[in-house]
Amino acid sequence: MKSNYYLATELFLLFVLLPISLVITYPIALKASFILIGFIYISIILLRVEKISFKVKSSIDWKAFWKRILLLFLGVILTTTLYVFIIDSNKLFCVVLNKPLLWIAILGVYTLLSVWPQEIIYRTFFFARYESLFQNKKLFIFINAILFSLAHLFFKNTLVIVLTFIGGLLFAYTYHKTKSTFLASMEHALYGNWLFTVGMGEMLAFPGAESC
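In what follows, the accompanying structure is described. These figures come from a predicted structure and were not determined experimentally.

Parameters and conventions
Starting afresh in each chain, residues are numbered from 1 along the sequence in its written order. It should be noted that, the model being predicted, local features are given only for residues of pLDDT at least 70 and side-chain atom pairs only at 80 or more, the latter also being counted only at that level, while totals for whole chains, interfaces and linings use all residues. Hydrogen atoms and water are omitted, and side-chain values are computed over all heavy atoms in the structure. Note on conventions: DSSP H or I runs of at least 4 residues are helices, E runs of at least 2 residues are strands, and numbering of each starts at the N terminus. Based on C-alpha atoms, the radius of gyration is set beside the globule rule, defined as 2.2 Å times the residue count to the power 0.38. Here the term buried applies to any residue with accessible area under 20% of the maximum for its type, exposed to any over 50%, and partly exposed to those in between, with areas from a 1.4 Å probe on protein chains only. Only heavy atoms enter the contact rule, under which two residues are in contact if any of them lie within 4.5 Å. For accessible areas, the Shrake-Rupley method is used with a probe of radius 1.4 Å. Any residue's cover is judged against the shown protein chains and nothing else. His is not counted, nor are the chain ends; Lys and Arg add positive charge and Asp and Glu add negative charge. Charged side chains are reduced to one point each, which is NZ for Lys, CZ for Arg, CG for Asp and CD for Glu. Two aromatic rings from Phe, Tyr or Trp, using only the six-membered ring of Trp, form a pair when their centres are within 6.5 Å; if the ring planes differ by under 30 degrees the pair is stacked, by over 60 it is edge-to-face, and anything between is tilted. Geometrically, a lysine NZ or arginine CZ counts as sitting over a ring once it is within 6 Å of the ring centre and also within 35 degrees of the ring normal. For salt bridges, the criterion is a side-chain nitrogen of Lys or Arg within 4 Å of an Asp or Glu carboxyl oxygen.

## Here's the deal with the overall build of the protein
Looking only at helices and strands, one finds 8 helices and 0 strands in the protein. The secondary structure elements of the protein, listed N-terminal to C-terminal, are α-α-α-α-α-α-α-α. For the protein, the C-alpha radius of gyration of 18 Å lies close to 17 Å, the compact-globule estimate for 212 residues. Expressed along its principal axes, the backbone C-alpha trace of the protein runs to roughly 55 × 50 × 30 Å. Relative to its full complement of 212 residues, the protein shows a buried share of 41%. Relative to all contacts within the protein whose residues are 6 or more apart in sequence, the contacts with residues 24 or more apart total 74%. Approximately 11,900 Å² of the protein is accessible, and the part contributed by carbon and sulfur atoms is 73%. With 18 positive and 9 negative side-chain charges, the protein shows a separation of 7 Å between the mean positions of the two kinds.

Listed below in structure tokens is the structure:
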């Protein structure tokens, strides 16, 4: 199960064909079945074949991680706040101010049921399975980001595709440097939760944003 041909085929089916198929109109139950089958397959490969451990490494350089992340986060805060203010100032922090309990609930659900699975699939699994196929690590990170944005194609929103590509580059770089699913997930959750907070949740189907 580790031949290059097998891995390339696996990559195409899981990370190209499946995401693109979600944009096509066919029964939602069938789409859900394909996603479930793919996730079960990935879980089995991770645990039984790759034997990946999700323990937080004691060797993590937390100071360097937070220095880099907080500087980037400051840029994200300034850029997105200005964007929402210019596009529609009424949405700025709308859900936080008007539906704080919903906001807290959604952030928790998003972190646990969206961020964590995405990082397991697109960083932990993807790097374990396909990094050996690419001698150029920068190209590998770029392809990972492209495929990560492709996974959000079903939103049918150009801005979502651009933001997830940029996010994909950042998360892939973090995982490449640290090999830590936990750190990549923390970074992903930080930026993603901020988008919901600042007022950009509607494009990501954030409940309550549409009423602002």
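## Structural notes on the packing of aromatic side chains
Taken as a whole, this structure holds 23 aromatic pairs when the rule is applied. Both rings, one in Phe 15 and one in Tyr 122, keep their centres 5.0 Å apart while their planes meet at 80°; by these two values the pair is edge-to-face. Placement of Phe 15 in helix 1 (residues 4–21) and of Tyr 122 in helix 5 (residues 100–130) is noted, with a sequence separation of 107 residues between them. The aromatic ring of Tyr 26 is capped on one face by Lys 31, whose charged end is 5.2 Å from the ring centroid. One Lys or Arg, Arg 123, reaches over the ring of Phe 148 and ends 4.5 Å from the middle of that ring.

## With respect to the pattern of salt bridges
If you walk through the whole model with that rule in mind, you get 7 salt bridges. The salt bridge involving Glu 10 is made with Arg 129; its shortest N-O contact spans 2.9 Å. Of this pair, Glu 10 sits in helix 1 while Arg 129 is found in helix 5, placing the two residues 119 residues apart along the sequence. Just as Glu 10 is buried, Arg 129 falls in that class too. We note a salt bridge from Glu 187 to Arg 68, for which the minimum N-O separation is 3.8 Å. With a gap of 119 residues between them, Glu 187 in helix 8 (residues 181–198) and Arg 68 in helix 3 (residues 62–88) connect regions that are remote in the sequence. Taking relative accessible area as the criterion, Glu 187 reaches 0% and is therefore assigned buried.

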